[in-house]
Amino acid sequence: MLDKISKKILVELQNDGRISNVELAARVNLSPAACLERVRKLHESGYITGYTAQLNPQLLDVSLLVFIEVVLDRTTPEVFDAFKQSVQMIPEVLECHMVAGGFDYLVKARVKDMAAYREFLGKTLLQKGVRETHTYAVMEEVKNTTKLPIR
């Protein structure tokens, strides 16, 4: 169970993963040594799983964001496993979630433009035991965050 200070640490680290330990300690009212120990324990207990940099997709020429509903040709453990393994190797795929409902997976991907998406779909995604897809191109990103709610 997390106490109030550990929760504050997690909030601050989500806001700025590059914050110095001294600044983090000041923001959560701890000594730097005590703060460093808390962060170490949060890592060890699995609350903190890593750090990343947020990159600008337009500057990296991958500005088209798409969501793809995927229906597999068969729903056997072997087909699911093969799809999961192959999707993990596709750099354009940012997220892939098995879902309950009218389709098997929801894929989030980034590509340069619609022409690049057509190529990605035909040469990459449709080669993995996929029977059917439905694509939703994002017109505007209203909210995009990786921050988890901490209560």
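- Identification of the chain as Lrp/AsnC ligand binding domain-containing protein from Massilia agri is taken from an unreviewed UniProt entry.

## What to know about helix α2 (residues 21-28)
So, point 1. What α2 keeps buried is the set L24, A25 and V28. End-on view of α2: buried residues confined to an arc of 100°, all on one side of the axis.
So, point 2. Where α2 is buried, its residues touch α1 (4-15) and α3 (32-44).
So, point 3. Among the residues trailing α2, N29 stands out with phi positive, at a value near 60°.

## Structural notes on the layout of surface pockets
So, point 1. Looking at the largest pocket, its volume works out to about 1,400 Å³.
So, point 2. Lining the largest pocket are 34 residues, with T52, Q54, T145, T146 and K147 sitting closest to its centre.
So, point 3. Mapped by element, the contributors of at least two residues to the lining of the largest pocket are α1, β2 (93-98) and β3 (105-111).
So, point 4. Estimated volume of the second largest pocket: approximately 170 Å³.
So, point 5. Here the residues of the lining of the second largest pocket are counted per class, giving 4 nonpolar, 2 polar and 5 charged.

## Concerning the nonpolar core
So, point 1. Core analysis: the largest hydrophobic core is formed by 20 residues, its most contacted members being I68, V70, L72, F83, Y117, F120 and L125.
So, point 2. Of all elements in the fold, only β1 (64-72), α4 (77-87), β3 and α5 (114-123) reach the threshold of two or more residues within this core.
So, point 3. For this core, the element with the highest residue contribution is β1, accounting for 5 residues.
So, point 4. Discounting residues that sit within four places of it in the chain, F120 has contacts with I68, I90, E92, V93, A109, V111 and L125.
So, point 5. Grouped together as the second largest cluster of nonpolar side chains are 11 residues, L10, V28, V39 and I48 included.

## Some thoughts on α1
So, point 1. In a regular helix each residue adds 1.5 Å, so 12 residues correspond to 16 Å; α1 covers 17 Å between its end C-alpha atoms and thus fits that length.
So, point 2. Elements that come into contact with the buried residues of α1 comprise α2 and α3.

## Here we look at the packing of aromatic side chains
So, point 1. Summed over the entire model, instances satisfying the criterion amount to 3 aromatic pairs.
So, point 2. With 6.1 Å between their ring centres and 65° between their planes, F80 and Y105 make a pair best called edge-to-face. Of the two residues, F80 sits in helix α4 while Y105 sits in strand β3, which places them 25 residues apart along the sequence.
So, point 3. Overall, F80 belongs to the buried group, its relative accessible area being 17%.
So, point 4. Here Y105 falls in the buried class, since its relative accessible area comes to 2%.
So, point 5. Ring centres of Y117 and F120 lie 6.0 Å apart, and the angle between their planes is 40°; on these two criteria the pair is classed as tilted. With Y117 and F120 both in helix α5 and 3 residues apart, this pair spans about one turn of that helix. The same class applies to Y117 and to F120, which are both buried.
So, point 6. What links up through ring pairs into an aromatic cluster is the set F80, F83 and Y105.

Rules behind the numbers
- Residues numbered from 1 in each chain as written.
- Predicted model: local features only at pLDDT ≥ 70, side-chain atom pairs only at ≥ 80, totals over all residues.
- Heavy atoms only, no water.
- Buried < 20%, exposed > 50% of the residue type's maximum accessible area, 1.4 Å probe, protein only.
- Helix = DSSP H or I, 4+ residues; strand = E, 2+ residues; numbered from the N terminus.
- Arc of directions from axis to C-beta.
- Contact = heavy atoms within 4.5 Å.
- 1 Å grid on protein atoms, 1.4 Å probe; cavity = no way out; pocket = protein on both sides within 12 Å on 5 of 7 lines; lining within 4 Å.
- Points joined across faces, edges and corners; volume = space filled by probe spheres on them.
- Nonpolar A, V, L, I, M, F, W, Y, C, P; charged D, E, K, R; others polar.
- Core = buried A, V, L, I, M, F, W, Y, C linked by side-chain atoms within 4.5 Å.
- Expected span 1.5 Å × (residues − 1).
- Phe/Tyr/Trp six-rings, centres within 6.5 Å; stacked < 30°, edge-to-face > 60°.

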